[in-house]
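Here are the chains, one letter per residue:
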Amino acid sequence: MKKAIALVMAACLAFSLVACGGASSSTATSTSTASSTAASSEAASSEAASSEAAATEAGVKTGMAIVSNTTVADADADAAGNAQVDSTAAAVLVGEDGKIISCKLDVAQNKVPVNADGSFDTTATFKSKQELKEDYNMKGASAIGKEWYEQANAFAEYVVGMTAEEVRAIETNPDAHNGPVDADIAASCTMSVTDFIEAIAQATENAQVLGASADDTLALGLSTNMDSSKLPADNEGEGLVQTDTTYAAVTTDADGKITSSIWDCTQAKFDVTEAGEVTSKGDIVSKQDLKEEYNMKGASGIGKEWYEQANAYAAWLVGKTAADVAAVETDAEGHNGPTDADIAASCTMNVLDFNAAVEKALA
């Protein structure tokens with residue numbers, strides 16, 4: 001009897017050891033197989049240490065968000081109308097403690113004058129406020145003698161070390177253009193920061209682990225086109241002013257290689273009549289926020305939605321330099337999608353504007 005009990009206990013002990021060995025191996029690496037249970041304790045400890053170090057490094061997050069507002073005005077005999085969108089973009093690098101490590105701000109202020117007959121310049125080009133620098137020409141009207149980009153950069157530096165909650169709690173003065181109240185920043189930034197605050201907070205909240213580390217350099221690039229616009233005279237009296245802005249948040253390491261990137265896009269659409277009337281077609285929601293509602297999957301040859309393809313391409317750029325991005329080959333007969341087989345199975349849509357935004361960010 002005692003012998004039988006001893007045999008049963010030995011069998012249970014053996015089973016317990018195998019089960020524990022399997023669980024430990026699975027924790028160390030997701031690609032483990034049953035044979036890895038025989039690995040030595042020294043190797044397991046080494047793998048665990050490497051896994052823990054990787055998890056700590058991967059805890060840094062990259063985020064981006066866009067806040068848009070539209071302004072319209074009808075044309076008349078005395079003045080041109082206006083179809084305008086102001087899209088504030090914030091890119092952030094966020095630590096494991098939820099605090100902002102780095103922040104970049106920019107605005108795509110796309111103004112399209114509309115004539116009394118509904119016509120407009122379909123070849124117009126646009127620069128972001130960061131690209132315009134002194135040409136934005138705000139310094140003369142500034143009480144502190146600072147240009148837009150100088151004030152924006154000062155505010156971006158001011159939020160470093162804050163959480164999303166702390167950013168949302170920043171006080172502004174409604175009687176002074178909604179500029180910040182805190183004396184530590186008011187001397188460097190007096191312009192409205194309400195859209196900055198919302199964009200930064202959203203970017204911090206939606207930030208994800210994409211491969212960046214705390215020592216990486218964060219950059220933000222914007223690229224805008226009017227390729228989908230239509231003149232009323234060319235479209236049975238129904239015109240469309242459409243500006244598509246592409247945003248790239250990018251982090252790079254000391255060697256200039258991309259460690260993380262985010263791709264997003266906004267489409268601002270305005271109806272225009274032959275009488276010069278301008279009407280916004282509704283609120284502007286970025287394609288990343290729209291997700292399935294953008295409704296591109298049905299028309300996709302690979303059955304993937306816009307955000308899925310954008311995320312796949314952004315991830316594919318990791319490890320590449322600015323020169324590598326500029327050298328990406330696209331298929332002109334296939335919507336300018338990438339030709340490299342490693343990404344073509346996951347992204348077939350036009351990548352030219354994103355590449356341009358990345359190049360601007362890394363310039």
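1. Structural notes on the pairing of strand β7 (residues 238-252)
Okay, so step 1: Counting buried positions along β7 gives 14 out of 15 residues, so the element sits mostly inside the fold.
Okay, so step 2: Inspection of the sheet shows strand β6 (residues 217-225) paired to β7 by 9 bridges, in the antiparallel sense. Across the sheet, residue L218 finds its bridge partner in β7, namely T251.
Okay, so step 3: Where β7 and strand β8 (residues 258-273) come together, 15 bridges link them in antiparallel fashion. Considered in β8, the bridge of V241 is made with F270.

2. With respect to the layout of surface pockets
Okay, so step 1: Estimates place the volume of the largest pocket at around 550 Å³.
Okay, so step 2: Around the largest pocket sit 22 residues that line it, and K287, W306, H335, M349 and N350 are the ones nearest its centre.
Okay, so step 3: Residue assignment for the lining of the largest pocket shows that the elements contributing at least two residues are β7, β8, α9 (306-316) and α12 (352-362).
Okay, so step 4: Across the lining of the largest pocket, the residue classes tally to 8 nonpolar, 10 polar and 4 charged.
Okay, so step 5: Quantified by volume, the second largest pocket comes out at close to 480 Å³.

3. Thoughts on the environment of V250
Okay, so step 1: Residue placement: V250 occurs in strand β7.
Okay, so step 2: Residues V250 and T217, spaced 33 residues apart in sequence, show a C-alpha to C-alpha distance of 8.2 Å.
Okay, so step 3: Apart from the residues lying within four places of it in its own chain, the contact partners of V250 are T217, L218, A219, I258, S260, S261, V358, A361 and L362.

4. Thoughts on the confidence of the model for the chain
Okay, so step 1: For the chain, per-residue confidence averages 88 on the pLDDT scale, and residues scoring 70 or more make up 84% of the total.
Okay, so step 2: Segment residues 1-57: pLDDT under 50, and 12 contacts once partners within four positions in sequence are set aside and those in other chains are kept.

5. A few points about helix α4 (residues 148-158)
Okay, so step 1: Taken residue by residue, α4 has W148, Y149, Q151, A152, F155, A156 and Y158 as its buried positions.
Okay, so step 2: Each element contacted by the buried residues of α4 is listed here: β3 (100-114), α3 (129-132), β5 (179-180), α6 (183-186) and α7 (194-205).

6. Looking at the packing of α4 against α7
Okay, so step 1: Two numbers describe how α4 lies on α7: the axes approach to 12 Å, and their chain directions differ by 45 degrees. By the angle between their axes, α4 is oblique relative to α7. Between α4 and α7 lies a crossing of right-handed hand. Taking contact as the criterion, the partners of W148, A152 and F155 in α4 are, on α7, F196, I197 and I200.
Okay, so step 2: Residues that form the contact of α4 with α7 fall into these classes: 6 nonpolar, no polar and no charged.

7. Quick word on empty space enclosed by the protein
Okay, so step 1: With the rule as written, the count across this model stands at 2 cavities of 30 Å³ or more.
Okay, so step 2: A volume near 40 Å³ is recorded for the largest cavity.
Okay, so step 3: If you go around the largest cavity, the residues you meet are A108, N110, F126, K127, S128, E131, L222, S223 and T224.
Okay, so step 4: Only β3 and β6 provide two or more residues apiece to the lining of the largest cavity.
Okay, so step 5: Looking at the lining of the largest cavity residue by residue, the classes come out as 3 nonpolar, 4 polar and 2 charged.
Okay, so step 6: Approximately 30 Å³ is the volume attributed to the second largest cavity.
Okay, so step 7: Every residue along the wall of the second largest cavity is listed here: V85, S87, N110, T243, T245, Y247, T266, Q267 and A268.

8. Some thoughts on the sheet that holds β3
Strand pairing in a sheet takes place through backbone hydrogen bonds and is either antiparallel or parallel in direction.
Okay, so step 1: One open sheet holds the 3 strands; their spatial order is β1-β2-β3, and the pairing between them is antiparallel. Each end of this open sheet is capped by a strand with a single partner; those strands are β1 (61-73) and β3. In this sheet, adjacent strand axes meet at a mean angle of 10 degrees when their direction is disregarded.
Okay, so step 2: Bridging between β1 and strand β2 (residues 81-94) involves 13 bridges; their strand directions are antiparallel. Residue pairing across strands places V72 opposite A83, the latter belonging to β2.

9. Points about the packing of aromatic side chains
Okay, so step 1: The full count for this structure, using the stated rule, is 8 aromatic pairs.
Okay, so step 2: Centroid distance Y313 to W316: 5.6 Å. Interplanar angle 40 degrees. Geometry classified as tilted. Of this pair, Y313 and W316 are both found in helix α9, 3 residues apart, which corresponds to roughly one turn of the helix.
Okay, so step 3: Taking 6.0 Å as the distance between ring centres and 70 degrees as the angle between the ring planes, the aromatic pair formed by Y313 and F354 counts as edge-to-face. Placement of Y313 in helix α9 and of F354 in helix α12 is noted, with a sequence separation of 41 residues between them.

About the thresholds
- Residues numbered from 1 in each chain as written.
- Predicted model: local features only at pLDDT ≥ 70, side-chain atom pairs only at ≥ 80, totals over all residues.
- Heavy atoms only, no water.
- Buried < 20%, exposed > 50% of the residue type's maximum accessible area, 1.4 Å probe, protein only.
- Helix = DSSP H or I, 4+ residues; strand = E, 2+ residues; numbered from the N terminus.
- Pairing = 2+ DSSP bridges.
- 1 Å grid on protein atoms, 1.4 Å probe; cavity = no way out; pocket = protein on both sides within 12 Å on 5 of 7 lines; lining within 4 Å.
- Points joined across faces, edges and corners; volume = space filled by probe spheres on them.
- Nonpolar A, V, L, I, M, F, W, Y, C, P; charged D, E, K, R; others polar.
- Contact = heavy atoms within 4.5 Å.
- pLDDT = per-residue confidence, 0-100.
- Axes fitted to C-alpha atoms, helices over the stretch in contact; angles between N-to-C directions.
- Parallel < 35°, antiparallel > 145°, perpendicular 65-115°, else oblique.
- Left-handed = near helix turned anticlockwise from the far one by under 90°.
- Phe/Tyr/Trp six-rings, centres within 6.5 Å; stacked < 30°, edge-to-face > 60°.

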